[in-house]
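Descriptive analysis of the structure
These are the residues of each chain, in order.
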Amino acid sequence: MDTLGLGSIGISIDIGHSYLDDACELESLGYSSLWLAGGQIDRLGRFADLVHATESAKIVPGIVPVDVYGPAETGALYRQLHSSGRFVLGLGGPQTAKPLAGLNAYLDELDVPADRILLAALGPKKLEMARTKAAGAVALLVTPEYTADARAVLGDATLVIDQFVVLGSDPAPARDSLSFLATVPGYRQNFLRMGFTSDDVDNLSDRLVDALVAWGSVEDIARRVQEHHEAGADHVVLAPLGTSGVAAGRALSELVAPSK
C-alpha cells in the first residue's frame, strides 16, 4: 500500500551543476518522486534545495546513511521540510558488525514520525523492522521473485524497489556498478539468498546481471517495472546507469505518461 503517496514510478537524479533544473524537467515529465542516491549526499541541504525547486514530486533520499548523518541532523532536516508534505526520509545502514542493533538505536533517538520513514532493507529481519518501525522498505538489486517474498513479509507497508536500468544493447555499465556492490556483504548475502551461486556473484554472470538490472529497450525496461508491480511493489525507482538521469528520464518518460 502506497501510504506515502509516492506514485508508481520515480527516478534517481545525479548531483551536478544543473541538478535542480534536471529535477524540474523530470517532474514535468510525470515522475512522481525524485530520489538522490546515498553516495551522492554530500550535504543534507540538497533535499531542501530540491523541495524548493520543485512543485509536486516527492523528494526522497535513497538513502541517508545513518553512520554519516546522526539522528539530530536528520531530524532537523525533516522538521525543516515536513510542512511541504513532499519529503520522505529514507534511511540505511549502519555498516557495522551489528547493523540491526545500531539502526534500532538510531530510530529510538530519531524525532521523525515512523510513517514518514523508509528503511533500506533486504534480509527478513530488516524487512520486519521496516514494517514495525517505519512506513516500509526500499530494496535494491532484487528480482521480481524477491519482491513477492518481501511483500509477504511487509504486509500492508510500503514497498519500494530501486531498479538499476541501462538503456541500450550493452550491459557493461551494469557490470561496472555490480563489480563493487557484489563485494558488499549485505548485497552478496542477499544474492545468495535469492538463489544465485557464489560463481554467479564472483564472476558477475549473465544470469545475475540479467536478473538484477533491466537493460535493453524502453519496452524491456517497462516489462521489468511491470513485473515488480505485479509482484507487489508499490513504487519502482528507475536508477539509470551509463547515462545521465535526465537523459534516461526523457527516453523512459512514456512509462509515466499515464500519470501526467
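In this text, all values refer to a predicted model and were calculated from it rather than measured experimentally.

In this section: the overall build of the chain. What the chain contains, in helices and strands, is 12 helices and 10 strands. For 260 residues, the compact-globule formula gives about 18 Å, and the C-alpha radius of gyration of the chain, at 17 Å, lands near that figure. Across its three principal directions, the C-alpha atoms of the chain cover 45 × 40 × 35 Å. A sequence separation of at least 24 residues applies to 69% of the contacts in the chain between residues at least 6 apart. Carbon together with sulfur atoms contributes 52% to the accessible area of the chain, which is approximately 10900 Å² in total.

Inspection of the entire model under this criterion finds 12 salt bridges. Across the salt bridge formed by Arg-46 and Asp-42, the nearest N and O atoms sit 2.8 Å from each other. With relative accessibility at 12%, the residue Arg-46 sits in the buried group.

Taken as a whole and assessed by the stated rule, the structure comprises 1 aromatic pair. Arranged with centres 6.0 Å apart and planes meeting at 55°, the rings of Phe-47 and Phe-87 form a pair that is tilted. Taken as a pair, Phe-47 in helix 2 (residues 45-53) and Phe-87 in the loop between helix 3 (71-81) and strand 5 (89-92) lie far apart in primary sequence, 40 residues in all.

Thresholds applied
- Residues numbered from 1 in each chain as written.
- Predicted model: local features only at pLDDT ≥ 70, side-chain atom pairs only at ≥ 80, totals over all residues.
- Heavy atoms only, no water.
- Helix = DSSP H or I, 4+ residues; strand = E, 2+ residues; numbered from the N terminus.
- Rg over C-alpha atoms; globule rule 2.2 N^0.38 Å.
- Contact = heavy atoms within 4.5 Å.
- Areas by Shrake-Rupley, 256 points an atom, 1.4 Å probe, with all protein chains shown as cover.
- Salt bridge = Lys/Arg side-chain N within 4 Å of Asp/Glu carboxyl O.
- Buried < 20%, exposed > 50% of the residue type's maximum accessible area, 1.4 Å probe, protein only.
- Phe/Tyr/Trp six-rings, centres within 6.5 Å; stacked < 30°, edge-to-face > 60°.

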